[in-house]
Structures are given as C-alpha cells and as structure tokens.
Amino acid sequence: AGPFHARLPRTTMAEGLPNAVVMRVAKSGMPAGVQFSKEARIVLLKSASVFASYLTAVALEEAYKDNKRTKVTSDDVVKALATIDFAEMQAPVRDTLAAVHEQEQRRKAARVGDDDDDGDDDDD
C-alpha cells in the first residue's frame, strides 16, 4: 500500500494557502521594509502548501500507526514534526497549543459566569 503521502491526490499539493496569511508569516520574521518579488511570493506560497500537505500526510501516518486511526490529532502533528526533521519545532508548537487551551478555558469560565448572571438582583 505504501505511505499515505505517496497516495495523496496531486491536487492536494497544488492547492494554495491564503496569500495574505503566508506573506504575514513570512514578513513576521524579517526586518521592516523587506520586500518580496512576485516570484518569491509564488515560491513561498507553493512551499508553504507543500509543507502543510506533507506534514498532514506524515501526521496521518502517525495516526494510522496508532490502532489504524483516521482522525489526526495534535499529538500526531507534533510527532510528525520530529519525523520530518523539525523536532526543534515541537516545543514551540506544544507551547502554542497549551496557550490556546488556556484561552479556551478562560472563555468557557467567562461564559459560565455570564450564565450565572440571570439578571435578578437578589441584593434587595
């Protein structure tokens, strides 16, 4: 059968990510005033799409190894980073994931607090 990424449809690799998002990420690591040529933007967009597709395929392989799951989890993606020689990115990705979880917990707590406030003023 072979690895999952070898069986991905070609259109997956051709699909692009939003230009604005990729360019915002690319510019975030650059000094102010850095410009990108049209060709550089095209190459960055294509490279980002290929990377995302490849990481997804490897993450799916990780999921499949674990009881042949077809649902990819964040742990699968983090493991896939190491598999494709990006192990140094695992800690920052885990930190980001922890921050997202913390933010979700705060939102939930705030909603529960809002639900408790039913508009009745029992203080009088």
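Everything quoted here is computed from the prediction, not taken from an experiment. (Residues numbered from 1 in each chain as written. Predicted model: local features only at pLDDT ≥ 70, side-chain atom pairs only at ≥ 80, totals over all residues. Heavy atoms only, no water.)

Enquirer: How should I be thinking about the overall build of the chain in this particular structure?
Expert: Counting secondary structure elements, the chain contains five helices and zero strands. Walking the chain from its N terminus toward its C terminus, one meets helices and strands in the order α-α-α-α-α. The buried share of the chain, reckoned over its 124 residues, is 17%. The long-range fraction of contacts in the chain, counting pairs at least 24 apart against all pairs at least 6 apart in sequence, stands at 45%. (Helix = DSSP H or I, 4+ residues; strand = E, 2+ residues; numbered from the N terminus. Buried < 20%, exposed > 50% of the residue type's maximum accessible area, 1.4 Å probe, protein only. Contact = heavy atoms within 4.5 Å.)

Enquirer: Please explain the environment of Met23 as it appears in this structure.
Expert: Along the chain, Met23 turns up in helix 2 (residues 19-28). Assessed through its relative accessible area of 7%, Met23 is described here as buried. Separated by 13 residues in sequence, Met23 and Phe36 have C-alpha atoms that sit 9.0 Å apart. Beyond its immediate chain neighbours, meaning those up to four positions away, Met23 contacts Phe36, Arg41 and Leu44.

Enquirer: Whenever I open this one, the packing of aromatic side chains confuses me. Can you help?
Expert: What characterises a pair of aromatic rings is the spacing of the ring centres plus the angle enclosed by the ring planes. The tally for this structure, following the rule as stated, stands at one aromatic pair. Where Phe51 meets Phe86, the ring centres are 5.3 Å apart and the plane angle is 70°; that geometry is what we call edge-to-face. Note that Phe51 is positioned in helix 3 (residues 38-65) and Phe86 in the loop between helix 4 (74-83) and helix 5 (90-116), a separation of 35 residues in sequence. (Phe/Tyr/Trp six-rings, centres within 6.5 Å; stacked < 30°, edge-to-face > 60°.)

Enquirer: I keep staring at helix 3 and nothing clicks. Help me out?
Expert: Along an α-helix, residues three or four positions apart point the same way, because every turn accommodates 3.6 residues. Given a rise of 1.5 Å per residue, 28 residues ought to cover 40 Å, and the 41 Å separating the end C-alpha atoms of helix 3 matches this to within 8%. All buried positions along helix 3 are accounted for by Leu45, Ser49, Ser53, Leu55, Ala57, Val58, Ala59, Glu61, Glu62 and Ala63. A positive phi of about 60° marks Asn67, the residue just after helix 3. (Expected span 1.5 Å × (residues − 1).)

Enquirer: In this structure, what is going on with the packing of helix 3 against helix 4? I would like to understand it.
Expert: For any two helices packed against each other, the geometry comes down to the angle between their axes and how far apart the axes lie. Axis separation between helix 3 and helix 4 bottoms out at 8 Å; the angle between their running directions is 110°. Considering their axes alone, helix 3 and helix 4 lie roughly perpendicular with respect to each other. Between helix 3 and helix 4 lies a crossing whose hand is right-handed. Contacts between helix 3 and helix 4 involve Phe51, Leu55, Val58, Ala59, Glu62 and Ala63 on the former and, on the latter, Asp76, Val77, Lys79, Ala80, Leu81 and Thr83. When grouped by side-chain class, the residues that make up the contact of helix 3 with helix 4 number eight nonpolar, one polar and three charged. (Axes fitted to C-alpha atoms, helices over the stretch in contact; angles between N-to-C directions. Parallel < 35°, antiparallel > 145°, perpendicular 65-115°, else oblique. Left-handed = near helix turned anticlockwise from the far one by under 90°. Nonpolar A, V, L, I, M, F, W, Y, C, P; charged D, E, K, R; others polar.)

Enquirer: What should I look at first to understand the environment of Lys79 in this one?
Expert: Position of Lys79 relative to the elements: it lies in helix 4. Taking C-alpha positions, Lys79 is 9.7 Å from Ala63, a pair spaced 16 residues apart along the chain. Those residues within four positions of Lys79 in sequence are excluded, and the remaining contacts are Glu62 and Gln90.

Enquirer: Please clarify how helix 2 should be interpreted in this entry.
Expert: Regarding helix 2, the residues found buried are Val22, Met23 and Ala26. Within helix 2, the buried residues cover an arc of 95° as seen down the axis, which keeps them to one side. Every exposed residue of helix 2 that faces more than 90 degrees away from the buried side is listed here: Arg24, Val25 and Ser28. Packed against the buried residues of helix 2 are helix 3. (Arc of directions from axis to C-beta.)

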